[in-house]
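Inside the fold
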Amino acid sequence: MGHLAQIARHRTPDIPLRRQRQRTLSVATGLARDEAYRTNLQMNGNLSNDLLDRISELALGLRGSQELTYPIILCFTADQKIPYASGMPREPLPAIGQAFDEGFSEVLKQAVAENSSIHDGAIMLSTEAAGTEYCISGWSYRLHPPSTVSTIANKGSAFNSCLAMSAMEKIDAVFLVTRDTLYRFLDGEHAALHGRGELEAKNP
């Protein structure tokens, strides 16, 4: 019995150490997985890390305005001719070609003031070459991509249309701006952004 007790005394300290190593490994694995996820998200089509960060920050700035109508859908593309996106008839139709930059909020307000129906549908933004700024190429587009990704329950049609659209060829990114939250969609994945460079979760 004394021999068994001695063995137990030698083994007992290993248990918390082993658990600690398991916890450390789990945390490290989780961090590596999250970093890989962010790396995959931040290289998509025409988007470099810096450009993705820039348009994400600009989109974040659209939240919380008392002068904008929500939701706002922004569809960033590598080509002005995109399948599964159809412009809805609008008269008058605001001008296009404005850059997606710090002045975009004012452009959007003016467009809605010109025609209040503009807020319905996605705003298309395209770029002529990788790494260059996106410009408005269309107002009030209906997104109708085929269903190639699983829909998310309780998120609504706008959310799931953005999710499906982001998986399509030549789509660089899609953003859904609500009054409180910005959802970013890339390659059929989504994340909620609430602050500078901060992903709240991969699948909120």
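Residues numbered from 1 in each chain as written. Predicted model: local features only at pLDDT ≥ 70, side-chain atom pairs only at ≥ 80, totals over all residues. Heavy atoms only, no water.

Quick look at the overall build of the protein chain now. Looking only at helices and strands, the protein chain has five helices and eight strands in total. Element order for the protein chain, N to C, with α for helix and β for strand: α-α-α-β-β-α-β-β-α-β-β-β-β. Within the protein chain, the fraction of its 204 residues that count as buried is 39%. A fraction of 62% describes how many contacts in the protein chain between residues 6 or more apart in sequence connect residues 24 or more apart. Roughly 11,500 Å² of accessible area belongs to the protein chain as shown, and the carbon and sulfur atoms make up 51% of that amount. (Helix = DSSP H or I, 4+ residues; strand = E, 2+ residues; numbered from the N terminus. Buried < 20%, exposed > 50% of the residue type's maximum accessible area, 1.4 Å probe, protein only. Contact = heavy atoms within 4.5 Å. Areas by Shrake-Rupley, 256 points an atom, 1.4 Å probe, with all protein chains shown as cover.)

Here the idea is plain: a probe the size of a water molecule rolls over the atoms and shows the empty space left. A volume near 190 Å³ is recorded for the largest pocket. The wall of the largest pocket is formed by 14 residues, among which I73, D120, G121, A122 and Y141 lie closest to the centre. Secondary-structure elements contributing two or more residues to the lining of the largest pocket are strand 1 (72-77), strand 4 (135-143) and helix 5 (156-166). Considering each element in turn, the lining of the largest pocket owes the most residues, three residues, to strand 4. (1 Å grid on protein atoms, 1.4 Å probe; cavity = no way out; pocket = protein on both sides within 12 Å on 5 of 7 lines; lining within 4 Å. Points joined across faces, edges and corners; volume = space filled by probe spheres on them.)

So, about the nonpolar core. The tendency in soluble globular proteins is for nonpolar side chains to be buried side by side. Counting 31 residues, the largest nonpolar core has I55, L74, F100, F104, I123, L125 and F175 as the members making the most contacts within it. Listing elements by their share of this core, those giving two or more residues are helix 3 (49-60), strand 1, helix 4 (104-114), strand 3 (122-126), strand 4, strand 5 (171-177), strand 6 (182-186) and strand 7 (189-195). Among the elements that take part in this core, helix 3 stands out by supplying six residues, more than any other. In this structure, I82, C162, M165 and V174 belong to the second largest nonpolar core, which totals 18 residues. (Core = buried A, V, L, I, M, F, W, Y, C linked by side-chain atoms within 4.5 Å.)

Moving on: the pattern of salt bridges. Here the idea is simple: oppositely charged side chains can pair when their charged atoms come close. Inspection of the entire model under this criterion finds five salt bridges. In this structure, the salt-bridge partner of D120 is R90, at a minimum N-O distance of 3.7 Å. One end of the pair, D120, is in the loop between helix 4 and strand 3; the other, R90, is in the loop between strand 2 (85-87) and helix 4, with 30 residues separating them in the sequence. Assessed through its relative accessible area of 17%, R90 is described here as buried. (Salt bridge = Lys/Arg side-chain N within 4 Å of Asp/Glu carboxyl O.)

Let us look at the packing of aromatic side chains. The geometry of two aromatic rings is summed up by the distance between their centres and the angle between their planes. Taken as a whole and judged by the stated rule, the model has six aromatic pairs. Aromatic side chains F76 and F100 sit 5.1 Å apart centroid to centroid with 80° between the ring planes, which places their arrangement in the edge-to-face category. Note that F76 is positioned in strand 1 and F100 in the loop between strand 2 and helix 4, a separation of 24 residues in sequence. Assigned by exposure class, F76 and F100 land together as buried. Each ring, one from F76 and one from Y134, has its centre 5.0 Å from the other, and the planes form 85°; the classification is edge-to-face. With F76 in strand 1 and Y134 in the loop between strand 3 and strand 4, this pair connects stretches of sequence that are 58 residues apart. (Phe/Tyr/Trp six-rings, centres within 6.5 Å; stacked < 30°, edge-to-face > 60°.)

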